[in-house]
Structures are given as structure tokens and as C-alpha cells.
Amino acid sequence: DKTVSLRKDLSEMHEWITQAEEEYLERDFEYKTPDELQKAVEELKRAKEEAMQKEVKVKLITDSVNNFIAKAPPAAHEALKKELDVLITSYQRLCSRLNGKCKTLEEVWACWRELLSYLDVENKWLNEIELKLKATENIQGGAEEISESLDSLESLMRHPEDNRNQIRELAQTLTDGGILDELINEKLEKFNTRWEELQQEALRRQKSLEQSIQSAQETDKTLRLIQESLAVIDKQLTAYTADRVDAAQVPQEAQ
């Protein structure tokens, strides 16, 4: 009766291990949405915790079998001992595989969250560029004011490539594993298209501002020459007036 009871316990535990392997380890998983991935992470965590809780059951079975073996003749317990060894090996392998897969999925989830974080940072930077381009679209003023706008735009454009490189690497890591590949490719295509368009627009705006600065400088120079010429003429007229020179005697350019 004791042998039957022990074998029943061993069989039930073996059955649970087999079911856990089929449910969490043997099936092919495809993660096409963040919800599916997050759900899988949570399921693996629960499975890992459940397996750890079964350690008490395995220990009780081990103690019961060992106690029985210590009292029974060798012929009665040899097969039972082999069954126990198989159970312990299967249980340890299951725990190891669950831990490994859970860790992998947690790292994948962290990788996805990190990718979203970098995309958020870069999109905020692109938003700033959009605002700066709008602000410099029809800028009015002299060379100095336009130059300040150009400096501000150029400073904003001196943005490190590190984040964009990280986005490429994280996306590659995930899509290579077939995880969220469609969603990631969609997000990257949208981001890269926007990035390229704003880069080109910013380069055109820089060139336009440089031309505006040159034009404003030429205008400022012309105005300065005219002002200088008028100042000279004004000084001459003042001198003529002081000397009571007749208008007919004033040089043509002064008239």
C-alpha cells in the first residue's frame, strides 16, 4: 500500500511537470503586440513561482521515498528509487528552463520599453525642430537678429547620434527574434521618414537664413553709406548756411 501511495504521488508530480513543460516551454510563441508580450511575461512569472512552490511537495515525496527505502528490502525499492531520481531531475530541469525563459522574456520586455523611451526622446527633439522651423519661417529683422536665429537652429541640430543608434540596435535585437516585428518596423519607418524630412527642411532653412543674413548685411552696408553721405552733405550745408553762401553757389551734389 505504501508503494502504491508513493508511486501515485510520483505520478501526479510527473504529470504536473509534463503539463507545465507543454504549456510554457514546448509551444511556439509569437508576440505581435506589447499586450501579448507583457501577458507572456506575467504568465512565466506565475509559472516560475508555482514551480518554486512545488519544491515543498518534491521534498516531501523525496523524504517519504527515502524513509520507505531505508526500511524496505532492496528488491522492493530499486524501481522506486529510479522513479524518484527521474522526478528530481525533471523538476530541476523544469525550474531551470522556466527561470531561463522568464529571464529572457523580462529582458525582451525591458528592451521594448527602452526602445519606446529612446523613440520618445528623439520624437520630442523632432518636435523642437518643427517649432524652430516654424519660428524661422518668415523671420524679419536685421543681420544680427537673423544670425541669432541661425545660431539657435544650428545649435539644436547638433544633436548626438547615440540615441538613434540605440534605436536601431534595440529594434534589430527584437525583430531578429521575431518579436513585435511588424509594430517595430512601422514605428521605425514613421520615425525615420520624419527624421529625414525634418533634417532636409532644416538644411534648407539654414541655407535660406545664411542668404538672408548676407542680404541684410548688404542692405545695412548700403544704408550706412547713404547715412554717411547724408551726414557729409548736412555738414557742408550747415557750413554754407553759416557762411551765407548763395544757393546758386552750392555744389550740384549738395543741392
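Below is a short write-up of the structure.

The rules behind each value
- Residues numbered from 1 in each chain as written.
- Predicted model: local features only at pLDDT ≥ 70, side-chain atom pairs only at ≥ 80, totals over all residues.
- Heavy atoms only, no water.
- Helix = DSSP H or I, 4+ residues; strand = E, 2+ residues; numbered from the N terminus.
- Buried < 20%, exposed > 50% of the residue type's maximum accessible area, 1.4 Å probe, protein only.
- Areas by Shrake-Rupley, 256 points an atom, 1.4 Å probe, with all protein chains shown as cover.
- Lys, Arg positive; Asp, Glu negative; His and termini not counted.
- Charge placed at Lys NZ, Arg CZ, Asp CG, Glu CD.
- Core = buried A, V, L, I, M, F, W, Y, C linked by side-chain atoms within 4.5 Å.
- Contact = heavy atoms within 4.5 Å.
- Expected span 1.5 Å × (residues − 1).
- Bend = angle between axes of the 7 residues up to and from the residue.
- Patch = residues over 30% accessible without salt bridge, like charges linked within 9 Å, V, L, I, M, F, W, Y side chains within 5 Å.
- Salt bridge = Lys/Arg side-chain N within 4 Å of Asp/Glu carboxyl O.
- Axes fitted to C-alpha atoms, helices over the stretch in contact; angles between N-to-C directions.
- Parallel < 35°, antiparallel > 145°, perpendicular 65-115°, else oblique.
- Left-handed = near helix turned anticlockwise from the far one by under 90°.
- Nonpolar A, V, L, I, M, F, W, Y, C, P; charged D, E, K, R; others polar.

### Considering the overall build of the protein
Along the backbone of the protein there are 6 helices and 0 strands. Ordered by position in the sequence, the α and β elements of the protein form the string α-α-α-α-α-α. Projected onto its principal axes, the C-alpha coordinates of the protein cover approximately 145 × 30 × 20 Å. Taken over 255 residues, the protein has a buried fraction of 31%. If you sum the accessible surface of the protein, you get close to 16700 Å²; carbon and sulfur atoms cover 48% of it. Charged side chains in the protein number 36 positive and 53 negative. The centres of these two groups are separated by 7 Å.

### Details of the nonpolar core
Residues Leu37, Leu98, Trp112, Leu115, Ile129, Leu174 and Ile184 are the most contacted members of the largest nonpolar core, which totals 62 residues. Those elements that provide at least two residues to this core are helix 1 (2–26), helix 2 (34–71), helix 3 (74–135), helix 4 (143–157), helix 5 (162–176) and helix 6 (181–242). Top element by residues in this core is helix 3. It accounts for 20 residues. Here Ile184 is in contact with Trp112, Leu115, Ala171, Leu174, Thr175 and Ile179, once residues within four sequence places are set aside.

### A short note on helix 2
Taking 1.5 Å as the rise per residue, helix 2 with 38 residues should run 56 Å; its terminal C-alpha atoms sit 56 Å apart, in good agreement. The largest bend in helix 2 is about 25°, located at Glu55. For helix 2, every residue scored as buried is listed here: Leu37, Ala40, Val41, Leu44, Ala47, Ala51, Val58, Ile61, Thr62, Val65, Phe68 and Ile69.

### Considerations on unusual backbone geometry
Phi at Leu180 takes a positive value of approximately 55°, unusual for a residue other than glycine. Take Leu180: it is sitting in the loop between helix 5 and helix 6. Looking at Leu180, the relative accessible area reads 0%, which means it is buried.

### Some remarks on a negative patch on the surface
Side chains of Glu144, Glu145, Glu148 and Asp151 sit close together on the surface and give a patch of like negative charge. Mapping Glu148 onto the fold places it in helix 4.

### Some remarks on the pattern of salt bridges
For side chains bearing opposite charge, pairing can occur when the charged atoms are close. Scanning all chains against the criterion turns up 13 salt bridges. A salt bridge links Arg7 to Glu83, with the nearest nitrogen and oxygen atoms 2.7 Å apart. One end of the pair, Arg7, is in helix 1; the other, Glu83, is in helix 3, with 76 residues separating them in the sequence. A residue is classified by how much of its surface remains accessible, and Arg7, at 32% relative accessible area, is partly exposed. Across the pair Asp181 and Lys32 runs a salt bridge, and its minimum N-O distance is 3.0 Å. Placement of Asp181 in helix 6 and of Lys32 in the loop between helix 1 and helix 2 is noted, with a sequence separation of 149 residues between them. Judged by its relative accessible area of 19%, Asp181 is buried.

### Some remarks on the packing of helix 1 against helix 2
In contact at an axis separation of 11 Å, helix 1 and helix 2 are set at 160° when each is read in the N-to-C sense. Taken as axis vectors, helix 1 and helix 2 run roughly antiparallel relative to one another. Here helix 1 runs over helix 2; the crossing is left-handed. From helix 1, Lys2, Thr3, Leu6, Asp9, Leu10, Met13, Trp16 and Tyr24 reach across to helix 2, where they touch Glu43, Leu44, Ala47, Glu50, Ala51, Lys54, Lys57, Val58, Ile61, Ser64, Val65 and Phe68. Of the residues contributing to the contact of helix 1 with helix 2, the split by class is 12 nonpolar, 2 polar and 6 charged.

### With respect to the environment of Lys187
As for its position among the elements, Lys187 is in helix 6. Between the C-alpha atoms of Lys187 and Leu119, which are 68 residues apart in sequence, the distance is 8.8 Å. Each residue touching Lys187, except ones within four places of it in the same chain, is listed here: Trp112, Leu116 and Leu119.

### Concerning the side chain of Gln206
On the secondary structure map, Gln206 appears in helix 6. Other than its neighbours up to four places away in sequence, Gln206 contacts Leu150, Leu153, Glu154 and Met157.

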